[in-house]
Amino acid sequence: MSEPASGTLTIEVPDDPLARALRAWPDRPALALLRAIEAALYDAPPEGVLDIGCGNGKFAAVINLSKAVGVDLLARDIALARDTGLYRDLLHTDARRMPFADNSIQYAICNSTLEHIACDGDVVKEVSRVLRPGGTFAFTVPSENKEKTLLYGRESVSVTADEARRYREWFTDRWHHCHYRAQSEWKNLLRDNRLEVVELRRYETLRSGFIGDALGYTRIVREPIPELRKEQSTADEVRLAILYQALVDYWRDDVASPDDGVGGYYVRARRM
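Okay, so let's go over this structure.

Quick notes on the rules
- Residues numbered from 1 in each chain as written.
- Predicted model: local features only at pLDDT ≥ 70, side-chain atom pairs only at ≥ 80, totals over all residues.
- Heavy atoms only, no water.
- Helix = DSSP H or I, 4+ residues; strand = E, 2+ residues; numbered from the N terminus.
- Buried < 20%, exposed > 50% of the residue type's maximum accessible area, 1.4 Å probe, protein only.
- Contact = heavy atoms within 4.5 Å.
- Areas by Shrake-Rupley, 256 points an atom, 1.4 Å probe, with all protein chains shown as cover.
- Axes fitted to C-alpha atoms, helices over the stretch in contact; angles between N-to-C directions.
- Parallel < 35°, antiparallel > 145°, perpendicular 65-115°, else oblique.
- Left-handed = near helix turned anticlockwise from the far one by under 90°.
- Nonpolar A, V, L, I, M, F, W, Y, C, P; charged D, E, K, R; others polar.
- Core = buried A, V, L, I, M, F, W, Y, C linked by side-chain atoms within 4.5 Å.

## Looking at the overall build of the protein
For step 1, the next point in the chain: Regarding its fold elements, the protein presents 9 helices and 7 strands.
For step 2, the next point in the chain: Looking at the protein residue by residue over its 272 residues, the buried ones come to 46%.
For step 3, the next point in the chain: A fraction of 74% describes how many contacts in the protein between residues 6 or more apart in sequence connect residues 24 or more apart.
For step 4, the next point in the chain: Only carbon and sulfur atoms are counted for the fraction: they give 50% of the accessible area of the protein, which is about 14,000 Å².

## Here we look at the packing of helix α5 (residues 120–130) against helix α7 (residues 183–191)
For step 1, the next point in the chain: Relative orientation of the contacting elements α5 and α7 amounts to 45 degrees, with a least axis distance of 10 Å. Our classification of the angle between α5 and α7 gives oblique. Like other packed secondary-structure pairs, α5 and α7 cross with a definite hand, here right-handed. Contact residues: Asp 120, Gly 121 and Val 124 in α5; Trp 186, Leu 189 and Leu 190 in α7.
For step 2, the next point in the chain: In the contact of α5 with α7, the residues fall into 4 nonpolar, 1 polar and 1 charged.

## Describing the nonpolar core
For step 1, the next point in the chain: Leu 18, Leu 22 and Tyr 87 are the most contacted members of the largest nonpolar core, which has 40 residues in total.
For step 2, the next point in the chain: If you list the elements that add at least two residues to this core, you get α1 (17–24), α2 (29–39), α3 (58–62), α4 (75–84), β3 (87–92), β4 (105–111) and α9 (235–256).
For step 3, the next point in the chain: No other element matches the 7 residues that α9 contributes to this core.
For step 4, the next point in the chain: The contacts of Leu 18, once residues within four sequence positions are left out, are Leu 33, Ala 36, Tyr 244, Leu 247, Val 248 and Trp 251.

Next comes the structure, spelled out in structure tokens:
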């Protein structure tokens, strides 16, 4: 095999959840890392899943959804999701009152959405209504220990206890989190709505949480790179490769270490 020409950049990034997430959020590496960790938790969803809180459709691209049905309360996100081409139908509707018949849905997902809904029990009740017996409901949420993954939310030599408390409060307000439920709370809430937990996994280790918090308020400036000639890789590809190499070990370690997960829960439940 011939050697690459002098000065040519050789960039190889695999097509995995981390790479897809970095393409979806090229200027928000912390969010991309978290979404990539979450994406790796889902078994390959079948065609036509119900995506509750689909947002702008970027997460659907990360987990390779196909012919999905998306619902979201924000009209602007529905418009953006439509541009992805991953949905056969998109509905601007409240997840507490979805326009589907009883027992009509086989598979529903809800990624990082329930924590933003104060009356999340109403959503769970509605999911139970539309799911067929034996149907699947899979979702991710931050855990009651989420604050432990916040680098600046811990008392240290440089952060006082009061500063850490105020940072945790700011974080919850900034991301519009209404609650952080424990495992037992989720199991009870699901069981009360005829949903049996068949898998519950923890994710987001302290290591990935800390790097995510450190990068969480950093945006990558996407300026042209004049040193790159036309025959070389584009500036965006270079940035993607750099960010991928910087974050891939955090992503792989988190995916491989569910017992060390602290910040979130992945739950898969079956409709009874």
